[in-house]
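Below, each chain spelled out in residue letters.
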Amino acid sequence: MATSAETSRAVPDDSAADSSAERRTALRSYVNLTRELAVSSFKLKYTGSVLGYLWSLFKPTMNFAILYVIFDKLLHIGKGTDNFVLQLLVAIVLFTFFQEATISAMNSIASAGNMIRKAYFPRVILVVAATLSSVMTFLINMVLIIVIAAPIHHLSFGWRTLAVPLLVIELYALVLGLSLLLSSLFVYFRDLGHIWEISMQLLVYGSAVMFPLSLLDKHPTLKMAVSANPVAQIIEDMRHALVTPKVPWTVDVMGWAYAAPLALVVVLCAVGWYVFHRLTPRFAEFL
Amino acid sequence: MSAAITCAGVSKRFRIPLDRSTTLKYRVTHLRSAGRYYDLHALEDVSFEVPEGEFLGIIGHNGSGKSTLLKVLSRIYTPDLGSVSLSGNVSPFLELGVGFNPELTARENVYLNGAVLGLTHAELDRRIDGIIEFAELENFADQKLKNYSSGMQVRLAFSVAIQADAQILLMDEVLAVGDARFQEKCFDVFARYKREGRTVVLVTHDISAVSLYCDRVLLLDHGRLHADGNPAEVTALYRRMMGAVSEAEDRGQGGEVGDRWGTREVEITATRLLDIDGGTHRVFSSGAPLIVEVDYAVQGDTADDFVCLLRIDRTDGLTLSVPETQISRLTMNKQLPGTSGTIRYKVDALPLLSASYALTVALHDQHRGHTYDQIERVQSFRVIDEKSRPGLVELGGTWEAQPR
């Protein structure tokens, strides 16, 4: 879309406003804008309902309760693995965050046409704010798991628990890279919305959310392919770090191939940033 | 004086696709035509500088590129060629209420909209009461915006917008929304910006606002810079360009700004609005002196003595006063061709309250049957009442009370 050397030559010259004090002020106001946008979109989710914010706690709690009854009391799935219900909960919370954040971020640019056409601010703020709003829901869910589910299932914490924040950071990096890519492409190709939704259906299975990764032990190629998916790797490692050491670290299973999901996250971030950066100047014209 | 805005050789074209498709199927099935477009040259090689503290107006007919230019200045659009440089922080809003969400309350919207303007939460915490109060919405602050009338929304948006601390303000048609009272508030803020020496770029259709506040005006025509100069000249040029249109629109009392007719045996050569010290102004205070000076030159034979008439209208067309030399028993004696003179009309204490006014000047024969020269709305001016009293005039009456 944004073509030719002309564009790069014509980037507005900021050198005059380069003093570090002004930069700091600008940065501070951008951080502030990001926060206001994230908070207000979080508020909007619950506005108008009688229970309001309580829903953000109530919904996942009910969700967990249903899963618990169905999987643990009725279906007895995952008998062989330790604490499967909790493994399932963790996987669902992680995947829901991945899904919600990427979908809302994908729409973040296209649905903010009015702001983009009328005010200048770095467009990336809209994408970050959209993902942050999902982060809030995600953090509430994680806290709920630890506070409610953990005592029931006698979770044991150890050194491996320290991997939790690292895995969250990895997941967020993946979400951000994908969001940048999706949000900028979505402005030009609206089909992407449907394509991404279908991809999500596939990814639920491709990320071993509903079953333990060990289920694929008989199909080594398939297991390799699934493990190369960063979402699957993060979910599996989170099971080890948070739920039970009986689920092995993926790095122990995959060996050198462990580099694949990590590399994919880095590549997606780089590609996402590059594509977003290239397409940004035309957003205001196209929306 | 250093330049706050430098715009050098800016060109911007829009590629308007002949058939824009955002779906995959269309792209695949119309591979050949998908790339077809025509170029719309919105701006072509526009260059100018705005010194710090200048109040610049940009005018032009619809589609002349003025809003595009403002968007390039504000970095919303990237120019295809040329460059824009700004020194000092820029208020990034072009319109009122950017980011407003109807589902949030007024208070929440103030924080959101304020954040777009670059204000932090803490700064807004300090100012929020003042903002709500200025918007006259104290009793509605926690209502959702969707329950507001459009007038209330505009008041709220404006009240936030004027909080911007930026040194450079870019404004697009802010005057187009809102009623006469809202416009008065806008003018008060413009006057404040001018006093504070901020750099303002105002895109508008309101010629009287341009001649009232702008130090300089750019006239755009089909994406090119058609004129760049003082407000009187450029607005006159614009009116000539728009000539055919404005005549059709010209109904009601008086007529369009600058309309002029007469046989010109006596010609108006200049008009000035002065304060007591002889400085020319466009903004006056209630209760302060106002002096109107009209220079004239006699060009041909006049049959008789002549009469000078002034008419002061509020900008919405309401006539407030029509002072005239004959009624005031000042005789303007017949003069020989080639001579000239000055007529002075002095008001010791302006009884007018806050509003914008236009001055029309006319020279007639003494029976008022023949017009030598008449210029409609030759000068606009504004009166600011420091006490913000409601109403139109101060009658200057005195009070007395006798309690019994």
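Residues numbered from 1 in each chain as written. Chains lettered and ligands numbered in written order. Predicted model: local features only at pLDDT ≥ 70, side-chain atom pairs only at ≥ 80, totals over all residues.

**Q** How should I be thinking about the overall build of chain A in this particular structure?
**A** Along chain A, the regular secondary structure elements total 13 helices and zero strands. Put simply, chain A runs from its N terminus to its C terminus through helices and strands in the order α-α-α-α-α-α-α-α-α-α-α-α-α. Here chain A holds 287 residues, and the buried ones make up 36% of them. Looking at chain A alone, contacts between residues at least 24 apart form 77% of all its contacts between residues at least 6 apart. (Helix = DSSP H or I, 4+ residues; strand = E, 2+ residues; numbered from the N terminus. Buried ≥ 20, exposed ≤ 12 C-beta atoms within 10 Å, placed from the backbone. Contact = placed C-beta atoms within 7 Å.)

**Q** How should the overall build of chain B be read in this particular structure?
**A** A tally of regular secondary structure across chain B gives nine helices and 18 strands. Sorting the 404 residues of chain B into buried and exposed places 38% on the buried side. Considering only residue pairs separated by 6 or more positions, chain B has 74% of its internal contacts joining residues 24 or more positions apart.

**Q** Honestly, the environment of G88(B) in this entry has me stumped. Any pointers?
**A** All names here are of chain B. Position of G88 among the secondary structure elements: in the loop between β4 (81-86) and β5 (90-91). Judged by the 16 C-beta atoms lying within 10 Å of it, G88 is partly exposed. For the pair G88 and V378, spaced 290 residues apart in sequence, the C-alpha to C-alpha distance is 36 Å. When residues no more than four places from it in sequence are discounted, the contact partners of G88 are A4, Q167 and I168.

**Q** Mind showing me how you'd approach the pairing of strand β7 (residues 199-203) of chain B here?
**A** Remember that side chains alternate between the two faces of the sheet whenever the strand is regular. All names here are of chain B. Counting buried positions over the five residues of β7 gives five, a clear majority of the element. With burial as the criterion, each face of β7 is covered, one bearing T199, V201 and V203 and the other bearing V200 and L202. When strand β3 (residues 55-59) meets β7, the two strands line up parallel, connected through four bridges. Residue pairing for β7: F55 is matched across the bridge by V200. As paired strands, strand β6 (residues 168-172) and β7 are joined by five bridges and run parallel to one another. Its bridge partner lying in β7, L170 is registered against V201. (Pairing = 2+ DSSP bridges.)

**Q** Is there a simple way to think about the interface of chain A and chain B in this case?
**A** How big an interface is tends to be stated in terms of the accessible area lost upon association of its parts. Tallying the contact residues gives 30 residues for chain A and 37 residues for chain B. Breaking the side of chain A that touches chain B down by element, the ones donating at least two residues are α1 (4-9), α2 (20-46), α5 (113-118) and α13 (283-286) of chain A. Here the side of chain A that touches chain B takes eight residues from α2(A), the largest share from any one element. Taken together, the residues that form the side of chain A that touches chain B break down as 15 nonpolar, five polar and ten charged. (Nonpolar A, V, L, I, M, F, W, Y, C, P; charged D, E, K, R; others polar.)

**Q** Even after reading the chapter, I still don't get the pairing of strand β9 (residues 224-229) of chain B, so can you show me in this structure?
**A** All names here are of chain B. The sheet contact formed by strand β8 (residues 216-221) and β9 spans five bridges and is antiparallel. Residue pairing for β9: V217 is matched across the bridge by G229. Linking β8 to β9, which pair antiparallel, is a turn of two residues; within it H222 sits at a positive phi near 50°.

**Q** Can you help me understand the sheet that holds β7(B) in this one?
**A** Think of a sheet as strands paired side by side through backbone hydrogen bonds, with each pair either parallel or antiparallel. Residue and element names in this part refer to chain B. Pairing is mixed in the open sheet, where six strands are placed in the order β5-β6-β7-β3-β8-β9. Strands at the two margins of the open sheet, each flanked by one partner only, are β5 and β9. Against the sheet, helix α2 (residues 66-73) engages β3, β6, β7 and β8, with an angle of about 150° to β7. Packed on one face of the sheet, helix α8 (residues 231-241) meets β3, β8 and β9 and runs near 25° to β8. (Axes fitted to C-alpha atoms, helices over the stretch in contact; angles between N-to-C directions.)

**Q** What is the right way to look at the sheet that holds strand β13 (residues 290-298) of chain B in this model?
**A** All names here are of chain B. As summarised here, the arrangement of the three strands in space is β11-β13-β16, forming an open sheet in which the pairing is antiparallel. Unpaired on one side and paired on the other, β11 (266-274) and β16 (340-347) mark the two borders of the sheet. For this sheet, the mean inter-axis angle between neighbouring strands, taken without regard to orientation, is 20°. Judged from the eight bridges that link them, β11 and β13 form a sheet pairing that is antiparallel. Residue L274 lies in a different strand from β13, and its bridge partner there is I291.

**Q** What is the right way to look at the environment of A164(B) in this model?
**A** Residues and elements named next belong to chain B. As for its position among the elements, A164 is in the loop between α5 (150-161) and β6. Residue classification places A164 among the buried positions, given that 20 C-beta atoms sit within 10 Å. Sequence separation of A164 and I343 is 179 residues, and the distance between their C-alpha atoms is 44 Å. If we skip the residues at most four places from it in the chain, A164 touches S91, L117 and L169.

**Q** What is the right way to look at the packing of helix α7 (residues 163-188) of chain A against helix α12 (residues 259-279) of chain A in this model?
**A** Packed helices, taken two at a time, are described by their axes: the angle between them and the distance between them. Residue and element names in this part refer to chain A. As a packed pair, α7 and α12 sit with axes 8 Å apart at the nearest point and diverge in direction by 30°. When the interaxial angle is binned, α7 and α12 end up roughly parallel. Crossing of α7 over α12 shows left-handed handedness. Facing α7, whose interface residues are E170, A173, L174, L176, G177, L178, L180, L181, S184, L185 and V187, α12 presents V265, L268, C269, V271, G272, W273, V275, F276 and L279. (Parallel < 35°, antiparallel > 145°, perpendicular 65-115°, else oblique. Left-handed = near helix turned anticlockwise from the far one by under 90°.)

The values are spatial; any link to function lies outside them.
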